[in-house]
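Next come the chains, spelled out residue by residue.
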Amino acid sequence: EDEPEVLSDIPVVWGVLRDSDRIIAQAKAQSLYFFYIDHAYFDRGHGKSYRITRNRYEAGPVRDCPPDRIAEFGVNVRPWRKSGREIIVCPPTEYFMQAHGCSDWLETTLDALASYTDRPIIIREKPQPGETAVPLETALESAHALVTHSSNVAIEAACLGTPVFVNPASAAAPIGQADLSMIETPVYPEREAWLAHLAYSQFSFDETRDGRAWRLLLESEERDLV
């Protein structure tokens, strides 16, 4: 809301509201780094943990991180479910589609799925504040797969054992698939290295306050890719 015409520092933005996409576009035009902050992958909630990424909206390629923070954030992983009938489709919000230029995502996705499968399709919109919705865990009990752009719902689904199909930019892309023509043949990869990487891509409020988050971000830059 208050960005100058020409950026002179490295911008840090929160979420896709308040025209943060314009600030990011300006940073790219000036060949500047930018840092993006949003809700965490695990242990979500204001004042708790947040994800922080450099020059992207989501955690990128998986880096070799120790597994200690997986337990610290209370991540519970279930075995892959290799049976199920319906496909759950979770469309992006209007704000997200505007920021990412994918206003026709739902229509395009449904058309593609119709070409490759005759399974029942359930569209699950993001619940609004105060709105009652079937818990995701319950909705996935008989699901064959979940399809979304890059919503955190893909992280939750993969942890609950449901295969995911996502945009390549999604943090779930390393353990999911982007090609909807493969909807009948999901993959069931190992998830530990991916989970450890995500856990090292988010930080508690205290870690952000006292500088540990910055140190861990710098260390992550030096870690090998898996």
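For the structure, see preceding data.
Residues numbered from 1 in each chain as written. Predicted model: local features only at pLDDT ≥ 70, side-chain atom pairs only at ≥ 80, totals over all residues. Heavy atoms only, no water.

What to know about the sheet that holds strand β7 (residues 164-165)
Here is step 1: The strand order across the open sheet built from four strands is β5-β4-β6-β7, with neighbouring strands paired in parallel fashion. In this open sheet, the two strands that pair with only one neighbour each are β5 (121-123) and β7.
Here is step 2: Pairing of strand β4 (residues 86-90) with strand β6 (residues 143-148) involves five bridges; the strand directions are parallel. The partner of Ile88 across the bridge, within β6, is Leu146.
Here is step 3: The strands that helix α4 (residues 105-116) touches are β4, β5 and β6; relative to β4, the one it contacts most, it runs at about 165 degrees. (Pairing = 2+ DSSP bridges. Helix = DSSP H or I, 4+ residues; strand = E, 2+ residues; numbered from the N terminus. Contact = heavy atoms within 4.5 Å. Axes fitted to C-alpha atoms, helices over the stretch in contact; angles between N-to-C directions.)

Things to note about unusual backbone geometry
Here is step 1: Even without being a glycine, Asp43 presents a positive backbone phi close to 50 degrees.
Here is step 2: Unlike most non-glycine residues, Asn55 shows phi in positive territory, near 60 degrees.
Here is step 3: Here Asn55 falls in the partly exposed class, since its relative accessible area comes to 33%. (Buried < 20%, exposed > 50% of the residue type's maximum accessible area, 1.4 Å probe, protein only.)

Observations regarding helix α1 (residues 20-29)
Here is step 1: The complete set of buried residues in α1 reads Ser20, Ile23, Ile24 and Ala27. Looking straight down α1, one finds that the buried residues subtend no more than 100 degrees of arc, so they occupy a single side.
Here is step 2: Structurally, α1 contributes buried residues whose contacts are with β1 (12-14) and β2 (35-39).
Here is step 3: Looking at the residues trailing α1, positive phi occurs at Ser31, about 60 degrees. (Arc of directions from axis to C-beta.)

A short note on the sheet that holds strand β8 (residues 202-204)
Here is step 1: Read from one edge of the open sheet, four strands run β1-β2-β3-β8, paired in mixed fashion. The open sheet terminates on both sides in strands that have one partner only, identified here as β1 and β8. On average, each strand axis in the sheet is inclined to that of its neighbour by 30 degrees, with strand direction left out of account.
Here is step 2: Looking at chain direction, strand β3 (residues 49-54) and β8 are connected through three bridges and run antiparallel.

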